[in-house]
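Structural description and commentary
These are the residues of each chain, in order.
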Protein chains: 2
Amino acid sequence: MTPGARRLLEAAARLFYERGIHAVGVDLIAAEAGVTKKTLYDRFGSKDQIVVEYLADRDERWRAFLGDRLGAARPATAAGRLRAAFDASKEWMEGTSPRGCSMVNAHAEITDPAHPAAAIIAGQKQRMLDLFTDLAREAGAADPGGAGRTLMLLHEGALVAHGLGVFPDPIPHARDQALALLPV
Amino acid sequence: MTPGARRLLEAAARLFYERGIHAVGVDLIAAEAGVTKKTLYDRFGSKDQIVVEYLADRDERWRAFLGDRLGAARPATAAGRLRAAFDASKEWMEGTSPRGCSMVNAHAEITDPAHPAAAIIAGQKQRMLDLFTDLAREAGAADPGGAGRTLMLLHEGALVAHGLGVFPDPIPHARDQALALLPV
DNA sequence: ACGCCACTATACCGATCTGTGTACTCTGGA
DNA sequence: TCCAGAGTACACAGATCGGTATAGTGGCGT
């Protein structure tokens, strides 16, 4: 990826997340990246493609971020990894404007199920569900599938609540409730 | 409200929900309502005002819908009303395209906190949190505030999961988990 | 019969949208 | 030294955006 393309993707990611996808035009993205529209279209071909790469990149970064906090010599118990997953979400959200989950927000704007971004969004959520199901199974839950779905709901709800600002610190609250669900 | 205004609001509500707010133009709204843009601007003055009235109307309808299922000679116990609240959400979602919560989706597109729609969204979520807190208190929860927040997370998570289609029937699942949280 | 009001029809405004074109400059490596 | 790729500057296309103007139609109550 060329330096200009990288700056374009960074600018697009920030603008899309903070202002919404439809509300941001390519002229603004190019200007914020210190690049002309010509460069933008030479590198990405279309705005839709920028949207796709924005989501794919965010997905990949989150995957690496979460994997780092769960894998290797990190928490040994399933409960420890579950706690680490929620803490990772909290840490991920801090530092950015509290606008909730970029995948959920993008899904609110991308209506067409055939849009390539839809698959990225669905894939990210499926992986989170799989993770929670695996953690529930490792923790010895009687019904790992059901427990995983419950953990998923708590997690998604916490991200939404964080974005909406319904009440303070929803992610730690969800984490504590999630931990209470695991068998003792 | 004149017949044209009513049709405009109905068309706008359907289009905003199914396609997103920014993706829908005033020309389309007027055309779908069988009305000219002149009428649209005579009745509402601006697109923003249509957005506000769309959300306010949906909020009011949901309020009435939920109140009908919770109030009067309906479920006598707090657990019964909690169950009814989740069932109301499920019923509310059925019949429309599975796009999740209109308030959450609108929040993804409306960035400006000063936008009058933001207050409507925040108010709706606050009322839901209050409801869940009240139900938790009535059910005899040791910490009604904390329990109410947990119920809120389950509910919001279920709406999001329903919109994203992460797994089938998330709302009944959330309902069962919510009921399990109440003291026996 | 009259006037009011909701609404239609149509043309237009300036701005912004995505996307394309040509011509030129800078920079790093072979 | 030369060349290819990355980027700049700028002009423009066609479409659509939100919003406004003028002129005319149809129904309904008084």
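With an unreviewed UniProt entry as reference, chain A is termed TetR/AcrR family transcriptional regulator, source organism Actinoallomurus vinaceus.

Once that is clear, we can look at the interface of chain B and chain A. Contacts between the two partners involve 32 residues from chain B and, on the opposite side, 32 residues from chain A. Of all the elements in the fold, those that place two or more residues in the side of chain B that touches chain A are helix H1 (3–19), helix H6 (102–109), helix H7 (116–138), helix H8 (144–164) and helix H9 (170–181) of chain B. The dominant element in the side of chain B that touches chain A, judged by the number of residues it contributes, is H8(B), at 12 residues. When the residues that make up the side of chain B that touches chain A are grouped by side-chain class, the tally is 15 nonpolar, 11 polar and 6 charged.

So, about the environment of B:His107. Structurally, B:His107 is set in helix H6. Residues B:His107 and B:Ile121, 14 residues apart in the sequence, show an inter-C-alpha distance of 7.2 Å. In this view, B:His107 contacts A:Gly163, A:Leu164 and B:Ile121; residues no more than four positions away in its chain are not counted.

What follows is about helix H7 (residues 116–138) of chain A. Over its 23 residues, H7(A) runs 33 Å from end to end, which matches the ideal 33 Å to within 8%, given 1.5 Å per residue. If you check which residues of H7(A) are buried, you get A:Ala117, A:Ile120, A:Ile121, A:Gln124, A:Lys125, A:Met128, A:Leu129, A:Leu131, A:Phe132, A:Thr133, A:Leu135 and A:Ala136. Buried residues along H7(A) sit against helix H4 (47–70), helix H5 (78–93), helix H6 (102–109) and helix H8 (144–164) of chain A together with H8 of chain B. Within two residues after H7(A), A:Gly140 carries a phi angle of roughly 85°, on the positive side.

Our focus in this paragraph is the protein's contact with DNA strand D. Around DNA strand D, 19 residues are found, and the nearest of them are A:Thr2, A:Gly4, A:Val35, B:Gly25 and B:Lys47. Listing elements by their share of the surface near DNA strand D, those giving two or more residues are helix H1 (3–19) and helix H3 (37–44) of chain A together with helix H2 (26–33) and helix H3 (37–43) of chain B. Tallying contributions element by element places H3(A) first for the surface near DNA strand D, with 4 residues. Taken together, the residues that form the surface near DNA strand D break down as 5 nonpolar, 7 polar and 7 charged.

So, on to the UniProt feature "domain: HTH tetR-type" (unreviewed entry) in chain A. In the numbering adopted here, UniProt assigns the feature "domain: HTH tetR-type" (unreviewed entry) to residues 2–62 of chain A. The distance separating the terminal C-alpha atoms of residues 2–62 of chain A is 22 Å; by composition the span is 80% helix and 0% strand.

Least-squares fitting of chain B to chain A yields an RMSD of 0.0 Å, with the transformation described by 0.0 Å of translation along the axis and a rotation of 180°. Between the two chains, the operation in question is that of a two-fold axis. Taking C-alpha positions as reference, the residue of chain B nearest the rotation axis is B:Gly157, located at 1.9 Å. Both copies share a contact surface, since 100% of the interface residues of chain B are interface residues in chain A too.

A word on the packing of helix H5 (residues 78–93) of chain B against H9(B). Residue and element names in this part refer to chain B. Here H5 crosses H9 at 170°, and the two axes come no closer than 9 Å. In terms of axis orientation, H5 runs roughly antiparallel to H9. Contacts between H5 and H9 involve Ala79, Leu82, Arg83, Phe86, Asp87, Ser89, Lys90 and Met93 from the former and Ile171, Pro172, Ala174, Arg175, Ala178 and Leu179 from the latter. Broken down by class, the residue content of the contact of H5 with H9 amounts to 9 nonpolar, 1 polar and 4 charged.

Criteria and thresholds
- Residues numbered from 1 in each chain as written.
- Chains lettered and ligands numbered in written order.
- Predicted model: local features only at pLDDT ≥ 70, side-chain atom pairs only at ≥ 80, totals over all residues.
- Contact = placed C-beta atoms within 7 Å.
- Helix = DSSP H or I, 4+ residues; strand = E, 2+ residues; numbered from the N terminus.
- Nonpolar A, V, L, I, M, F, W, Y, C, P; charged D, E, K, R; others polar.
- Expected span 1.5 Å × (residues − 1).
- Buried ≥ 20, exposed ≤ 12 C-beta atoms within 10 Å, placed from the backbone.
- Near = placed C-beta within 6 Å.
- UniProt positions renumbered as here; feature names shortened; annotations may be inferred.
- Least-squares fit on C-alpha atoms with pLDDT ≥ 70 in both.
- Axes fitted to C-alpha atoms, helices over the stretch in contact; angles between N-to-C directions.
- Parallel < 35°, antiparallel > 145°, perpendicular 65-115°, else oblique.

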